[in-house]
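Structural characterization, general
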Amino acid sequence: MKCQDLSMSLSGDIKKIDWSVFDATWYAEKYGDVLKFLGIEGAEALEEFYREKGPALRHSPNPYFDEDWYLRRYPAVADAVGKGEWQSGFDHYCRAGFSSHNPHWLFDREFYFKQHATLQPAALEEAGFRNLYDHYLNVGDEQFLTGSWFFNATAYLKSGLARIEGLGAFAQCVRNLKPEQGYGQRLSWYFDPEWYLETYPHVRKELDSGRWLSALHHYLSNSTPTDYNPNAYFSEEFYGSVNHDVSGAVESGNFRNFYEHFLRYGVHELRKPSANVDLESYYRNAVVQKEVTRGDFPDAFAHYIAHNGRLEDDVEGLKESEALSKKLYHEMCQVRLPVLLNQTLDFTYDVPDLSVIIVAHNLFAMTMSALASLRANYNGQMQVIVVDSGSTDGVRHIERYVRGLDVVRFPGNVGFLLGCNAALEKVRGPFTLYLNNDTELMPEAIGNAVARLRHEIKIGAVGAKLIRTNGLLQEAGSIVWRDGSVCGYLRDQRPDVPEANFVRSVDYCAGAFLMVRTPLLRTLGGFDTDYAPAYFEETDLCLRIHEAGFDVVYDPSVVVVHYEYGTSSFMSGASMIARNQDVFRRKHTAYLRQKSLNNPRMLTKARFSKQDQKRVLFIEDRLPYRFLGSGFTRSNDIVRSMIAAGCQVTVYPVFRPTESQEDICMAFPDRAEVMWDRELPELEDFIKSRAGYYDAIWIARTHNADRLAPVLMDCADALTGTMVIIDTEAVSAPREHSKMELRGQTPEKTVDDLLKHEFRHLFMAEKIIAVNSKDSKILNSHGFSNVHVLGHLQNASTWSPGWEDRRNLLFLGAMHDQDSPNVDSLAWFSGEVLPLLDGRLPEDVKFTVCGYINPRVDLTPLINNPRVVVTGRVEDVTPVYNSHRVFVAPTRYAGGIPYKLHEAAAHGIPVVATDILCEQVGWVPGEDMLCASISDAQGFADAIVRLYEDKQLWEKVHAHELKRISTENTQENYVKTIKDILEIL
């Protein structure tokens, strides 16, 4: 038996499990007691009994649909069944509910869709799936995908209960009618059955009576869901008492209980799940963020549960472990040695990309490991020069084991400096790398250093992020103080701290890994022999590189593990340092005079070699990733342009980032210092720790001026001489007023009153930024004369596909919350405009919705439209723009200028927008874009059809918009405006 009138079905080659059929074998086992009592046997008799009596008994037809749970979860369906509108919950699910309801307590369609946003109705139907549950049962379950917060396939398989061949973990779980190992199997982080049964002992009695299959079954199926907590870390009573905005939604049945709201939304907002659990503070920990973004845990709450809320800072432990880690490193070199001796490392070359100088005094095993690391790190041609400085071990015969080496030998230990100078005479590559023989190169170290020197001609030398064997930093570039003393910046810190992960011009970098332009090196004569045998020679060399007009750069993408003091004892090194510091001080008096006095509070300023660059603290709601849209793309452009203008920029978010390290690394210029591990509560201490450091604070968005006002006042003494700039991004009061009117609400305040409130903290700013002349005039009218206009940066595409090579309609924009202008505009467009295109545009013309979607945003009504395709965030928007013919911007209320409009125009896709946007951008309707009133859905649809079908009109608008972009939004103009604002000469 199948669901009646269910026309869609799986194709034969995909179908394994069908939730719409009657399973006589399972049914007989599930309800065996009743069936045996009545003497009902055989598939036909069982099916007939189910059809006639099963609905009244709330029987399920198969293991994949739970009738009793379904009617409890959806009381409106239960009422309809009671009235005879549906035969059963199963009948309702088969006929109507399959696209909007959940069939089982261990599957949640919204959860599954958010994990796999490409599974939209059109894509599912094309692949032969009726709904998301079909996909999960037949594909996802076998691929160990998760279909609910409460069921993890791996956890179930580890339980030992999975024993049915050919079925996924979920299918096996729901077929198990009785738990084989008690009622306490934990299937996810979010529900603790052992705690649950101890807390609610009456549930155990009900389980023993056979009423429930498990503790989890009781939790997800009981009739008073707000009476039970799922674990020790969540409290229904607490969450409901402090989140008044949720209470109504729970009472009305939109959420089964408060825990459902927390899992869907609260956990992403870092709301407190109970009085004693502060997720917001917990998530500030860098280790927690790293492990969550890496995917080790689905969110901060799961991490908290797994670690019982305990955070351990093991930095001190790592410091104490250095002796052991060095011993292990040394032992591993010994372990590798036989393997390396039984193969031949090959460094033969014709025209080398670089030359590498390694000085070795014994340490054969370590030297071989360093050479193996070097060879594995770079596939190009290298000249490797090994200086045998009086070795008495296998280094004496190293040519036997390594092919293509150039070897320079000394009868005694001449030391690093003289050995390197001797090797310099043999160098043939355009770049020379000084490399210690107690190092191991991390991936791409050589390639990244070579690329830096090739692409930035004013850089004379590149140094590495040096990590000691205990996993902590040796240095992230080094500092020279006025007295000639030196220090490795961030020694004993974790290598992933933000301060260590941006490119910086530095005084010098250690010679353990230092790549220098060979012609410059020869001009300078290599190392100064006054420092022989070692120490301060690389410091002196780097300062001479500066004096020659070149830069010395620390590059965090060049990562090297350094044994440290592997080639000399610390005591002998200390004595040489003391002697050579005096030599160094006398030789570089002029350079030292401009340096800071040796004081820990001056570290942040002293970490840069250049002191004439503007230092800017850029503060935004979030780290301004381009994919976020909503003004963040513009902020990203501003940061990039500041760096292009020669500024040292620190990016600081009001809200701590939740994105991955990969997102952070790829989103910003490598010279931007991105404070991904801090947020607003730490800002005051951050500013005070850098007192006097910043020349300007650039505050993005007016509402952040409100948030920062008390912080800046408390930090006033640390900001003496610091220019405060407030970038309004967009004046929002008119937008909010329009939004209320559109929704039929009567605004309590006039636009003017709203503007006064919005501008109440702009008095703090020496300069105010508006995104367009319209906003600038509004600011002027409220008494602000210190206003500059900074719009959007766009580079017009030099080529884009023509009318014939494009198809479909496009909306591209971020959707951060349900109340955002983009979500509103999509609701209006899909509800009012899209239906008007039916019959006028071919059915296969799709409407693509592209862009970041916050997990809290519900686009279900949109994705159920067969013409709509929701792609979510994409890494590269260019192919998306280039494949579509018409861009729609149906914004009904907005402030500033939507970035997406300029971006679409820059890619050569003509735009149909509301008259509001046309006014904001200042373009000519009918020439630069087509426009329609927000109250005229028919006019908007007509404009789309005209632009889509009329090639001549399309090409005219295409040409006009590209001309606009190429004259109004250039990189040159943008950087010049920012220089004017920051007063950069």
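Bear in mind that the values here come from a model prediction, so they are computed numbers and not experimental data.

**So, the overall build of the chain**
A tally of regular secondary structure across the chain gives 45 helices and 27 strands. Relative to its length of 985 residues, the chain is compact, with a C-alpha radius of gyration of 34 Å against a globular reference of 30 Å. By principal-axis analysis of the C-alpha atoms, the chain measures approximately 100 × 70 × 55 Å. Across the 985 residues in the chain, those meeting the buried criterion constitute 57%. Contacts spanning at least 24 positions in sequence make up 73% of the contacts within the chain whose residues lie at least 6 apart. Taken as a whole, the chain presents about 41,100 Å² of accessible surface, with 50% of it coming from carbon and sulfur.

**A few points about the environment of Ile944**
Tracing the chain through its elements places Ile944 in helix α43 (residues 937-949). Owing to a relative accessible area of 0%, Ile944 belongs among the buried residues under this scheme. The spacing of Ile944 and Leu930 is 14 residues in sequence and 8.3 Å in space, taken between C-alpha atoms. Non-local contacts of Ile944, meaning those with residues more than four positions away in its chain, are made with Leu809, Phe829, Val833, Leu837, Leu841, Val886, Val888 and Val912.

**Structural notes on the confidence of the model for the chain**
This prediction gives the chain a mean pLDDT of 91; 96% of its residues lie at or above 70. For the stretch residues 4-13, pLDDT sits under 50, and the model shows 21 contacts to residues farther than four places along the chain or on other chains.

**Concerning the packing of helix α33 (residues 680-689) against helix α34 (residues 702-714)**
The geometry of a pair of packed helices is captured by two quantities: the angle between their axes and the separation between those axes. Relative to each other, α33 and α34 sit at 25°, their axes nearing to 10 Å. In terms of orientation, α33 lies roughly parallel with respect to α34. Pair α33 / α34 crosses with right-handed handedness. Judged by residue contacts, Leu680, Leu683, Glu684, Ile687 and Lys688 of α33 engage Arg707, Leu708, Val711, Leu712 and Asp714 from α34. In terms of residue class, the contact of α33 with α34 is built from 6 nonpolar, no polar and 4 charged.

**Remarks on the packing of helix α31 (residues 632-644) against helix α45 (residues 971-982)**
Packing of α31 against α45 brings their axes to within 9 Å, and their N-to-C directions diverge by 75°. As far as their axial angle goes, α45 and α31 are roughly perpendicular. Across the interface between the two elements, Arg634, Asp637, Ile638, Ser641, Met642 and Ala644 of α31 pack against Gln971, Tyr974, Val975, Ile978 and Leu982 of α45. Looking at side-chain class alone, the contact of α31 with α45 contains 7 nonpolar, 2 polar and 2 charged residues.

**Let's talk about the pairing of strand β13 (residues 513-517)**
Most of β13 sits out of view: 5 of its 5 residues are buried. The two faces of β13 match: Phe513, Met515 and Arg517 on one face and Leu514 and Val516 on the other face are all buried. Bridging between strand β6 (residues 431-435) and β13 involves 5 bridges; their strand directions are antiparallel. Each residue of the ladder has a partner; that of Phe431, found in β13, is Arg517. Note that strand β8 (residues 459-468) and β13 share 3 bridges and pair antiparallel. When the bridges of β13 are listed, Ala461 appears paired with Val516.

**Some words on helix α27 (residues 537-547)**
Of all 11 residues in α27, 10 are buried; the element is thus mostly enclosed. Listing the buried residues of α27 in full gives Glu537, Glu538, Thr539, Asp540, Leu541, Cys542, Leu543, Arg544, Ile545 and His546. Just beyond α27, the residue with positive phi is Gly549, at close to 95°.

**So, the side chain of Glu499**
By the secondary structure assignment, Glu499 is in the loop between β11 (486-488) and β12 (504-505). Judged by its relative accessible area of 12%, Glu499 is buried. Within the local environment of Glu499, its side chain forms a polar contact with the side chain of Arg678, the two groups lying 2.9 Å apart. Aside from chain neighbours lying at most four places away, what touches Glu499 is Tyr489, Leu490, Arg504, Arg607, Glu673, Met675, Arg678 and Arg690.

**What about the side chain of Asn131?**
Inspection of the secondary structure assignment puts Asn131 in the loop between α8 (121-127) and α9 (132-140). Looking at Asn131, its side chain comes within polar contact range of the side chain of Trp19, at 3.4 Å. Within polar-contact distance, the side chain of Asn131 engages the side chain of Tyr93 at 3.0 Å. If we ignore the near neighbours within four places in the chain, the residues touching Asn131 are Trp19, Tyr93, Phe98 and Leu124.

**A look at a nonpolar patch on the surface**
Together, Val34, Phe37, Leu38 and Leu57 make up an exposed nonpolar region whose accessible area comes to about 420 Å². The dominant element in the nonpolar patch, judged by the number of residues it contributes, is helix α2 (residues 32-38), at 3 residues. Relative to the elements of secondary structure, Leu57 occurs in helix α3 (residues 43-57). You can call Leu57 partly exposed: its relative accessible area is 44%.

**Side note on the sheet that holds strand β27 (residues 930-932)**
Judged by pairing direction, the sheet is parallel, and its 6 strands sit side by side in the order β24-β23-β22-β25-β26-β27 without closing on themselves. Of all the strands in the sheet, the pair left with one neighbour each is β24 (868-872) and β27. Within this sheet the neighbouring strands show an average axis-to-axis angle of 25°, counted without direction. Each of β22 (809-812), β25 (886-889), β26 (911-914) and β27 touches α43; the most contacted strand, β26, lies at about 170° to it.

**Examining the environment of His217**
As for its position among the elements, His217 is in helix α14 (residues 215-221). A relative accessible area of 9% places His217 in the buried class. Residues His217 and Leu207 lie 10 residues apart in sequence; the distance between their C-alpha atoms is 9.6 Å. Once residues lying within four places of it in the same chain are set aside, the contact partners of His217 are Asp66, Trp105 and Trp212.

**Quick notes on unusual backbone geometry**
Residue Pro533 follows Ala532 across a cis peptide bond; omega there is 10°. One non-glycine residue, Arg701, adopts positive backbone phi at about 80°. Phi is positive for Glu983, close to 60°, though the residue is something other than glycine. For Glu983, the position within the fold is in the segment after α45. With relative accessibility at 48%, the residue Glu983 sits in the partly exposed group.

Reading guide: rules and limits
- Residues numbered from 1 in each chain as written.
- Predicted model: local features only at pLDDT ≥ 70, side-chain atom pairs only at ≥ 80, totals over all residues.
- Heavy atoms only, no water.
- Helix = DSSP H or I, 4+ residues; strand = E, 2+ residues; numbered from the N terminus.
- Rg over C-alpha atoms; globule rule 2.2 N^0.38 Å.
- Buried < 20%, exposed > 50% of the residue type's maximum accessible area, 1.4 Å probe, protein only.
- Contact = heavy atoms within 4.5 Å.
- Areas by Shrake-Rupley, 256 points an atom, 1.4 Å probe, with all protein chains shown as cover.
- pLDDT = per-residue confidence, 0-100.
- Axes fitted to C-alpha atoms, helices over the stretch in contact; angles between N-to-C directions.
- Parallel < 35°, antiparallel > 145°, perpendicular 65-115°, else oblique.
- Left-handed = near helix turned anticlockwise from the far one by under 90°.
- Nonpolar A, V, L, I, M, F, W, Y, C, P; charged D, E, K, R; others polar.
- Pairing = 2+ DSSP bridges.
- Polar contact = N/O pair within 3.5 Å; in protein donor to acceptor, adjacent residues only side chain to side chain.
- Patch = residues over 30% accessible without salt bridge, like charges linked within 9 Å, V, L, I, M, F, W, Y side chains within 5 Å.
- Salt bridge = Lys/Arg side-chain N within 4 Å of Asp/Glu carboxyl O.

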